[in-house]
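For reference, the chains in residue letters:
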Amino acid sequence: MLSAEDNEILTRVGPGTPMGELLRRYWMPAALSEELPSAGGDPVRVRLLGEDLVAFRDLNGRIGLIQENCPHRGASLWFGRNEGSSAAPSAAADGACGLRCPYHGWQFDVDGRCIDMPSEPASSSFKERVQARAYPVHESGGVVWAYLGPRETMTPFRDFGTDSLAPEHVMAGKTFSPCNWVQAMEGNLDTSHISWLHQYDAISELPDDGTDKPGYNSVETSWRIWRHDRAPRLEVHDDWYGYRYAGIRTSPNGHTHVRITGFCVPNVTTVAAIPYRGRLSMFVPVDDENCLRYNLVAQKIGDMHGYGSGGNLFDVRNFPYAPQTRQGIRPRQWTAENDYLIDREAQRTQNFTGISDFNSQDLMATESMGPIYDRSQEHLGTSDRAVIRMRRILIGAAKALAENGTPPPALAEDGHDFTTFRSAEKILEPGEDWRILGTDDDPLVREELLARRSTASGQA
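Residues numbered from 1 in each chain as written. Predicted model: local features only at pLDDT ≥ 70, side-chain atom pairs only at ≥ 80, totals over all residues. Heavy atoms only, no water.

Focus on the overall build of the protein chain
When its secondary structure is counted, the protein chain shows 8 helices and 20 strands. For the protein chain, whose C-alpha radius of gyration is 24 Å, the value lies close to the compact-globule estimate of 23 Å for 460 residues. In terms of principal-axis extent, the alpha carbons of the protein chain reach across some 85 × 60 × 45 Å. A total of 460 residues make up the protein chain; the buried ones form 54% of that total. Sequence-distant contacts, at least 24 apart, represent 64% of the contacts inside the protein chain between residues at least 6 apart. Element-wise, carbon and sulfur atoms account for 49% of the exposed surface of the protein chain, whose accessible area totals about 19,600 Å². (Helix = DSSP H or I, 4+ residues; strand = E, 2+ residues; numbered from the N terminus. Rg over C-alpha atoms; globule rule 2.2 N^0.38 Å. Buried < 20%, exposed > 50% of the residue type's maximum accessible area, 1.4 Å probe, protein only. Contact = heavy atoms within 4.5 Å. Areas by Shrake-Rupley, 256 points an atom, 1.4 Å probe, with all protein chains shown as cover.)

Brief notes about the pairing of strand β10 (residues 143-146)
By the alternation rule, side chains of β10 split into Val 143 and Trp 145 and Val 144 and Ala 146, which are all buried. Of the strand pairs in this sheet, strand β1 (residues 28-32) and β10 are connected by 4 bridges, and their pairing is antiparallel. Residue pairing in the sheet places Met 28 in a bridge with Ala 146 of β10. Here strand β9 (residues 137-140) pairs with β10 via 4 bridges, running antiparallel. Paired with Val 137 across the two strands is Ala 146, which belongs to β10. The antiparallel pairing of β9 with β10 creates a hairpin that spans 2 residues between the two strands, and Gly 141 there sits at a positive phi of about 65°. (Pairing = 2+ DSSP bridges.)

Quick word on the packing of helix α1 (residues 4-11) against helix α7 (residues 385-404)
Running from N to C, α1 and α7 cross one another at 85°; their axes reach a closest spacing of 10 Å. Classified by the interaxial angle, the pair formed by α1 and α7 is roughly perpendicular. The segment α1 lies against α7, with Asp 6, Ile 9 and Leu 10 engaging Arg 391, Leu 394, Ile 395, Ala 398 and Lys 399. In terms of residue class, the contact of α1 with α7 is built from 5 nonpolar, no polar and 3 charged. (Axes fitted to C-alpha atoms, helices over the stretch in contact; angles between N-to-C directions. Parallel < 35°, antiparallel > 145°, perpendicular 65-115°, else oblique. Nonpolar A, V, L, I, M, F, W, Y, C, P; charged D, E, K, R; others polar.)

Quick notes on the packing of helix α3 (residues 181-188) against α7
In a packed pair of helices, the relevant descriptors are the angle between the two axes and the axis-to-axis distance. Running from N to C, α3 and α7 point in directions that differ by 140°, and their axes come no closer than 10 Å. What the angle tells us is that α3 and α7 run oblique. The element α3 and its partner α7 pack so that their crossing is right-handed. From α3, Trp 181, Val 182, Met 185 and Glu 186 reach across to α7, where they touch Val 387, Met 390, Arg 391 and Leu 394. Looking at the contact of α3 with α7, its residues break down into 6 nonpolar, no polar and 2 charged. (Left-handed = near helix turned anticlockwise from the far one by under 90°.)

Considerations on the side chain of Thr 155
Residue placement: Thr 155 occurs in the loop between β10 and β11 (172-177). A residue is classified by how much of its surface remains accessible, and Thr 155, at 5% relative accessible area, is buried.

Let's talk about the sheet that holds strand β6 (residues 97-100)
What the 4 strands build is an open sheet, ordered β5-β6-β7-β8; its pairing is antiparallel. Where the open sheet ends on each side, the last strands, each with one partner, are β5 (81-84) and β8 (114-116). Here strand β7 (residues 107-108) pairs with β8 via 2 bridges, running antiparallel. Bridge pairing in β8 places Gln 107 opposite Asp 116.

Some thoughts on the sheet that holds β1
Pairing is antiparallel in the open sheet, where 3 strands are placed in the order β1-β10-β9. Because the sheet does not close on itself, it has two edges, and the strands there are β1 and β9. Averaged over all neighbouring strand pairs, the angle between strand axes comes to 30°, with direction disregarded.

So, unusual backbone geometry
In the segment running from Val 265 into Pro 266, the intervening peptide bond is cis, with an omega of 5°. Checked against the element boundaries, Pro 266 lands in the loop between β14 (256-264) and β15 (268-270). Residue Pro 275 follows Ile 274 across a cis peptide bond; omega there is -10°. With a phi angle near 55°, Tyr 340 is a residue other than glycine that sits in the positive phi range. Position of Tyr 340 among the secondary structure elements: in the loop between β19 (328-329) and α5 (344-349). Residue Ala 410 is not a glycine yet carries a positive backbone phi of 60°. By secondary structure assignment, the location of Ala 410 is in the loop between α7 and β20 (423-427).

As structure tokens, then:
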């Protein structure tokens, strides 16, 4: 359990809070690129780390993220006009363009500068002394990222692979969740719940397809293993970005199966997949009591040998769940207001929860705790080791920054390669060390990286 004081440090994200200041040292998803599809298009409201902002793509195609309230008298700039200057209102030929406040016509560019103040005398230099709060942005992998920290401490963008991702492989989506970001993220760092929360009765009907043996098993075999061994042993291995951990289970045929998930400080996870994975899940605080769950492809896994073919978690037979929406703003049909459409008869006869949507099973669990769970009431077990480690890392980093100015961990300026952040899943060979799976020391990863380089050199 946590003390009430540490729970406050862990969960509060507003300006001036220890965790809020820590999070502001990292580039955070602020919006999806598809929310700002065209130059001069409609602005988008953004609430991030407790701040109300507005994002827009100006007539030159540049993206701005500025305070929502106009610095003049506080009217919302979301209602503003995205246009050129008064000299060229429908074009940006003079380079001056931005959001114009609907109240008095003051106009602000993507850097927050007031570029036009038509309600004041033309001879006035007042506009040169007015600045809207604006934050740097970086567009990558279908996401608009923002840096909300001090300019003097801004570090380069952490590229997990999205900067070089081919357009046809870009995929990003987000889901709103009315609960604190940490309890949402804890679900991704909890491998044991897949043996309970997501279980369904028809797993017992899945035949042994011959992949319950050392090597890369099928997804159907994974489901059989998760149901067979419902009390995994956890091992946590620290690394420069945070850690990876393995949920270790014994398969029906007596082999050792590992499900390896990674945590990158402060809010990035990559959940286990066959053979390994470069997809990220990020838990972004809207404010203390709400968050957005971003999912995006960071790097395309080629899977030369087809180990992950049919590797979608939802592609098994008899899977009684609703189709998954993977891209864009994901609508919420299953919510607390309708009790996640729980079907008690289905709970008795089909699946463990009676909730038909896989993702909504997770959302039910984390949202039903309340907006901010009081962790001083917890009773933690051995299956919570990864969650405990994440909390200690974050609280320690927040305290160190607040008390001593210690730089946060896992920043891009440290020279680390974030494209090496991957997860994995496999039935181990005798004597095989799970810690190398999915890393650059994994023979399978080496083979694919070599093939990529050969393809790239051949195309050059």
